[in-house]
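What the coordinates show
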Amino acid sequence: MHHTLSSSIRLAVRLSLAATGLVLCTVALGAQPARGRQVQALAAPAQPDFSQVQVLATRVQGNVYMLEGAGGNVTVQVGEQGVLVVDTQFAPMADKLLAEIRKLAGDKPIRFVIDTHGHPDHVGGNERMRRSGTAVFGGNVRNDDPRGEQGAVVIAHENVQFAMVKAEGTPQATPEANWPTETYTGDQYDLFFNDEAVQLLHQPAAHTDGDTMVFFRKSDVLSTGDVFVTNGYPFIDRAHGGSIGGILNALNRILDITVPRDKQEGGTMVIPGHGRICDEGDVVEYRDMITIIRDRIAAMVAKGMNLEQVRAARPTRDYDGRYGATSGFWTTDMFIEAVYAGVRDGAGAGK
Amino acid sequence: MAIKLGLSRNLGGSAFAGLLLGLLFNGPTQAQVTQLGYWLPIYHEDFDERVPGPSAGDYAGLPINEALRLRGDTWDPSLLTVPEHQCKPHPSTYGFRGIGTTRIWETRDPETQQLIKIETHIEWEAQHRVIWMDGRPHPPASAPHTWQGFSTGKLEGDVLVAYTTHLKAGWIRRNGLALSDQATMTDRFYRHGNLMTHVYVIEDPVYLSEPLVRTNGFQLVANGTMAPYPCRPAVEIPRPKGEVPHHDFGDTAASQEFAKQYNLPLEAVRGGANTALPEFMKQFRPAAAPAGQR
Ligand SMILES: [Zn+2]
């Protein structure tokens, strides 16, 4: 864990990017249009009329709740020490989410915000959540220290921060106030909060290159972020380091963690990035589907079929009625292309 | 002592009067559930499919769409050896077709005697279903889905009618014909004497072109028992992590084998709503009598 501030991380990223020869100097580019850059202009998920959106809170199990509104699912852990929030939807949702959190937690402060990744439908409310809360601090850190003023601690994998720095000055930029205040490196970061072990599990190169799943060990709830969703095929954001192989690794990792009760039901509960509350049985069904589709496309690639031929063969067509899309920001065609590219480039093995 | 006796006599008298009043005025509102007890399935219908098990590739008579046909073709029975698949019970959309004793019981509020729920339990893989009879709504879309789903019910006369949502992705036949987690079911339990007919209607916007309607028969047993059904998965076949057994895309070998075995045209076993109709058979000239093969 690097207890570093955003600004020093940003500086470090700039230096490291410069050192590796990637000319992505965010200062020089300023507000110029992002042309020919790594940050692909992926259309974000459609933003609804936020004024019409109601927040629905559901107790999942133990100390953990799921909040739905607009954007990714929000996971809230509540206890004596305060509140831990995983993901914060879009900025205009923040006040409604906070109102719901107040109903669950009274005036207990938000201590931690965890970003499962950096997409705008998951980090938009970071600033509002952070400022409404307060970190536990003391010793050398006083109120006039930035750590005292920042509010709650916002944690993400370091690759989330790197991507935000890279995107500065582009239309996809994340306002700096929504950046994490701390990042972790490597594959895992452990917290103990509200009498519960909380594990941040990094899944490399899956939905993005900065994915974190959050496992509440005592409540027995896993919040997955967008490596697992129930409302469509997995969104593989290749421009931000996602891959089909990483998605499959993540889905299989979920199955390693989850332990069902009797008859393959219940036990460890799973909060997906988008969609309904699940358990292992639901993830098995989804993992099987994605594996079968990957295997089909791999067989087509092995036969020498190009992308157009693979698309024409409609290798997802028995699942499209449930998971496919012909419009919106992530279509079936885009999913097939991402799987095709992953298999072709050797990033589809999922081993 | 004498006072106490007198008091208890008085109470006894008023309780008796209350009971009479209850019989007179409350009786009709407390509809009796006639389906309670232990039942054994009878297999006069569809024995081959239900007890030995269906043939792979046999989709005849089912209102499946092209997507479900492909799911069936892709399905490899080895999938059931994968540890996460071993202890799956039948979903409520299939379980009443299966094997094992079925118990049906009710729970009433002890004070008001209002009917709260009716539960069913099928021995094989301990399929335990709750049918809420107290008028509660179905949960929101984001609530968990289960193998038995979320059922609410009512009594129409003495017929128990249940409506089920929040089902896990399940199946309609044990040969890979899947059901999506968007499916819903309406089922009815009719008792006639010591027999019961279960009629179920499944709708699935993803995999069925028309509602699937089937019936199952049961016989009442006087002194039924229910054994537990423990299940713990184990590695039966070592596999690389994440491997999912399945047949190749577009592989129709199972249907072809089944059609050949029973001397049927291939299209007769590929399913679809039209294959459930008597008119469908008329388009085929009688080939060599298939009955002898059974
Ligand atoms: Zn995302």
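Look a little higher up for the structure.
This one's a predicted model, so the numbers in the text were calculated from it and none came from an experiment.

Attention shifts here to the state of the cysteines. All names here are of chain B. Overall, the coordinates contain one disulfide over all chains when judged by the stated rule. Here Cys87 engages in a disulfide with Cys231; their sulfurs sit 1.9 Å apart. On the S-S bond that ties Cys87 to Cys231, the torsion sits near -85 degrees, and the link is left-handed. Residue Cys87 is located in the loop between helix 4 (83–86) and strand 2 (102–108), and its partner Cys231 is located in the loop between strand 11 (212–221) and helix 5 (253–261); the two are separated by 144 residues in the primary sequence.

All names here are of chain B. In the structure shown here, the tally under the stated rule is 32 salt bridges over all chains. Residue Glu66 pairs with Arg69 through a salt bridge whose shortest N-O separation is 2.8 Å. Pair noted here: Glu66 and Arg69 are both in helix 3 (residues 66–74), with a separation of three residues, about one helical turn. Taking the relative accessible area as the measure of exposure, Glu66 reaches 46% and is therefore partly exposed. A relative accessible area of 12% means that Arg69 is categorised as buried. Note that Arg188 is salt-bridged to Glu156, the shortest N-O span being 3.7 Å. Here Glu156 lies in strand 5 (residues 150–156) and Arg188 lies in strand 9 (residues 184–192), a separation of 32 residues in the sequence.

It is worth spelling out the coordination of the zinc ion at this point. Reference values for coordination geometry: four tetrahedral donors around a metal ideally subtend 109.5 degrees, six octahedral donors ideally subtend 90 or 180 degrees. Residues and elements named next belong to chain A. Distances from the zinc ion to its protein donors, His117 (NE2), His119 (ND1), His207 (NE2) and Asp226 (OD), fall at 2.1 to 2.3 Å. In terms of primary sequence, the donors binding the zinc ion are separated according to H-x1-H-x87-H-x18-D. With His117 in the loop between strand 5 (110–114) and helix 4 (120–123) and Asp226 in the loop between strand 11 (221–223) and helix 8 (244–257), this pair connects stretches of sequence that are 109 residues apart. Just as His117 is buried, Asp226 falls in that class too.

Turning our attention to the interface of chain A and chain B. In this assembly, 35 residues from chain A lie in contact with 36 residues from chain B. Interface of chain A and chain B: buried area, both sides summed, is about 3000 Å²; carbon and sulfur atoms make up 55% of it. Of all residues in chain A, Lys263, Arg276 and Asp318 of chain A give up the largest surface area on contact with chain B, accounting jointly for 23% of the area buried on that side. On the surface where chain A and chain B come into contact, there are six salt bridges. For Arg276 of chain A, the salt bridge is made with Asp181 of chain B, and the minimal N-O distance between the two is 3.0 Å. For the interface between chain A and chain B, the tally reads 17 residue pairs in polar contact (both at pLDDT 80 or more). Where the side of chain A that touches chain B is concerned, the elements lending two or more residues are strand 1 (56–61), strand 2 (64–68), helix 8, helix 9 (280–302) and helix 11 (320–323) of chain A. The element that contributes the greatest number of residues to the side of chain A that touches chain B is helix 9 of chain A, accounting for 11 residues. Class assignment for the residues of the side of chain A that touches chain B results in 11 nonpolar, five polar and 19 charged.

Another aspect to go through is unusual backbone geometry. At Asp87 of chain A, a position not held by glycine, the phi torsion is positive, near 70 degrees. With respect to the element layout, Asp87 of chain A can be found in the loop between strand 4 (82–86) and helix 3 (94–105). For Ala126 of chain B, which is not glycine, the phi dihedral falls at a positive 50 degrees. If you trace the backbone, Ala126 of chain B turns up in the loop between strand 3 (115–122) and strand 4 (127–132).

Moving on to the packing of aromatic side chains. With the rule as written, the count across this model stands at 15 aromatic pairs over all chains. Ring centres 6.1 Å apart and planes at 40 degrees place the aromatic pair Tyr233 of chain A and Tyr323 of chain A in the tilted group. Here Tyr233 of chain A is found in the loop between strand 11 and helix 8, whereas its partner Tyr323 of chain A is found in helix 11, with 90 residues between them in sequence. Accessibility expressed as a relative area gives 4% for Tyr233 of chain A, which makes it buried. Accessibility expressed as a relative area gives 13% for Tyr323 of chain A, which makes it buried. Among the aromatic residues, those joined into a cluster by ring pairs are Phe228, Tyr233, Tyr286, Tyr323 and Phe335 of chain A. Its end group placed over the ring of Trp105 of chain B, Arg103 of chain B keeps NZ or CZ at 4.6 Å from the ring centre.

Conventions used here
Residues numbered from 1 in each chain as written. Chains lettered and ligands numbered in written order. Predicted model: local features only at pLDDT ≥ 70, side-chain atom pairs only at ≥ 80, totals over all residues. Heavy atoms only, no water. Disulfide = S-S within 2.5 Å. Helix = DSSP H or I, 4+ residues; strand = E, 2+ residues; numbered from the N terminus. Salt bridge = Lys/Arg side-chain N within 4 Å of Asp/Glu carboxyl O. Buried < 20%, exposed > 50% of the residue type's maximum accessible area, 1.4 Å probe, protein only. Donors = N, O, S within 2.8 Å, 3.2 Å for Na, K, Ca; no water. Contact = heavy atoms within 4.5 Å. Buried area = accessible area lost by both parts, 1.4 Å probe. Polar contact = N/O pair within 3.5 Å; in protein donor to acceptor, adjacent residues only side chain to side chain. Nonpolar A, V, L, I, M, F, W, Y, C, P; charged D, E, K, R; others polar. Phe/Tyr/Trp six-rings, centres within 6.5 Å; stacked < 30°, edge-to-face > 60°. Lys NZ or Arg CZ within 6 Å of the ring centre and 35° of its normal.

Keep in mind that these numbers describe shape and distance, not what the molecule does.
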